[in-house]
Amino acid sequence: MAGVTDRPFRQLCKQLGAGYAVSEMAASNPRLWHSEKTSRRTNHDGEMEPKAVQIAGADPAVLAECARFNVDRGAQVIDINMGCPVKKVCNSWCGSALLQNETLVGAILDAVVGAVDVPVTLKFRTGWDRQHKNALTIARMAEQSGIAMLTLHGRTRADGYSGIAEYDTIAAVKAAVRIPVVANGDIDTPQKARDVLAFTKADAVMVGRAAQGRPWIFREIDHFLRTGATLPAPLVSEVQALMLEHLEAHYAFYGEYLGVRTARKHIGWYVRELSGGEAFRQRMNALEDCREQLAAVRAFFDLQSMYGERLQYVADEPDALSIALAA
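Residues numbered from 1 in each chain as written. Predicted model: local features only at pLDDT ≥ 70, side-chain atom pairs only at ≥ 80, totals over all residues. Heavy atoms only, no water.

A. Quick look at the overall build of the chain. A count of helical and extended segments in the chain gives 14 helices and nine strands. Its C-alpha radius of gyration of 21 Å places the chain within 12% of the 20 Å reference for a compact globule of 327 residues. Oriented by its inertia axes, the alpha-carbon framework of the chain measures out at about 60 × 45 × 35 Å. Within the chain, the fraction of its 327 residues that count as buried is 53%. Within the chain, contacts between residues separated by at least 24 positions form 69% of all contacts whose residues are at least 6 apart in sequence. Put simply, the chain shows about 14,400 Å² of open surface, and 53% of that area lies on carbon and sulfur atoms. (Helix = DSSP H or I, 4+ residues; strand = E, 2+ residues; numbered from the N terminus. Rg over C-alpha atoms; globule rule 2.2 N^0.38 Å. Buried < 20%, exposed > 50% of the residue type's maximum accessible area, 1.4 Å probe, protein only. Contact = heavy atoms within 4.5 Å. Areas by Shrake-Rupley, 256 points an atom, 1.4 Å probe, with all protein chains shown as cover.)

As structure tokens, then:
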């Protein structure tokens, strides 16, 4: 979720019901700590608590120092990334590549837990590939090292994001340790959250890709788990207001030049399942001014009210809305 879960998006998700949100993956290399990119990724100014920073690397001593650096900057939780499957990360023996070296995993866990006085958590996968799954071993090592919580994505590194998440492995890990376990992978509806919690006995679920363009999924899940009732689709007017608020915060965080460009992916996710969404996305991607981008979003959602007061998720087909947007 690097490039997605920045501070403005985390803040929005927390406002909409997420109980916990973790920063984008931050490099442990000290030469990068003061770079604009890393500084932005670990910027929690004004953010709702708890403030959690995820760190990535392969050197125990460097990761320990990185953890101390971020705690000094206000981090209240340190999360170690051993789950990222991206090739450039794994080629540096970071992320899920670490699962191939259990000795190094143990050294990293011990070093980071011993370096700071805040909770240290671990995000990991079920193994390197289907022939080398070691989630149970890693989970037990983590518990012994003093890790406070585990978040397990139910796929191996080789799986990437394909196939079906291994909820049976998450269930086995939950049964094997006494620390909290969070289930992650393919949780995209309130009903799926309920079913995964029931099957795995996990303490919580983590939502990633399903929140892209739909940050209200957190309140939908929370409401469903508490009441058994499904919330109606959000009001068009509410989503319009949320998007405009998100974009304003996004521009303030990144500056106009980078902000208008990095906002495009968020806008695309918001509109991808709405009528006229694809036509709008293509037109919006040509805009290079924040005010024009805001005005386009406002106009798009004004037109969405043609279909009713609540969002209508439909196939993107040529219709009155897309024709109007193309005019």
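B. Structural detail: the side chain of Arg-264. With respect to the helices, strands and loops of the structure, Arg-264 is situated in helix H11 (residues 256-271). The buried charged residue Arg-264 lacks any salt bridge partner; its closest oppositely charged side chain belongs to Glu-288, at an N-O distance of 4.6 Å. Excluding its chain neighbours within four sequence positions, the residues that come into contact with Arg-264 are Met-284, Asn-285, Leu-287, Glu-288 and Gln-293. (Lys, Arg positive; Asp, Glu negative; His and termini not counted. Salt bridge = Lys/Arg side-chain N within 4 Å of Asp/Glu carboxyl O.)

C. How the structure looks around the nonpolar core. Ranked by size, the top nonpolar core spans 54 residues in total, and within it Ile-78, Ile-80, Met-82, Leu-122, Phe-124, Ile-147 and Leu-150 carry the most contacts. If one sorts the elements of this core by residue count, helix H5 (residues 102-115) sits on top with six residues. Ignoring sequence-local partners within four residues, the contact set of Met-82 consists of Gly-95, Ser-96, Leu-98, Leu-99, Val-105, Ile-108, Leu-109, Leu-122, Lys-123, Phe-124 and Arg-125. (Core = buried A, V, L, I, M, F, W, Y, C linked by side-chain atoms within 4.5 Å.)

D. Just the sheet that holds strand S7 (residues 149-153), in detail. Read across the open sheet, the seven strands follow the order S1-S2-S3-S4-S7-S8-S9; overall the sheet is parallel. Single-partner strands in this sheet number two, and they are strand S1 (22-27) and strand S9 (204-206). Sheet twist, expressed as the average angle between the axes of neighbouring strands with direction ignored, equals 25°. Contacts between H5 and the sheet are confined to strand S3 (77-82) and strand S4 (120-125), with S3 contributing the most and set at about 170° to the helix. (Pairing = 2+ DSSP bridges. Axes fitted to C-alpha atoms, helices over the stretch in contact; angles between N-to-C directions.)

E. Fine view of helix H12 (residues 277-284). Of all the positions in H12, only Gly-277, Phe-280 and Met-284 are classed as buried. What you see down the axis of H12 is that its buried residues fit within an arc of 65°, all on one side. (Arc of directions from axis to C-beta.)

F. Representation of the pattern of salt bridges in the model. This structure, assessed with the given rule, holds 17 salt bridges. A salt bridge links Arg-291 to Glu-248, with the shortest nitrogen-to-oxygen separation between them at 3.4 Å. Here Arg-291 is found in helix H13 (residues 290-304), whereas its partner Glu-248 is found in helix H10 (residues 236-254), with 43 residues between them in sequence. Counted as one network, the salt bridges with shared partners bring together Arg-130, Lys-133, Asp-159 and Glu-166.

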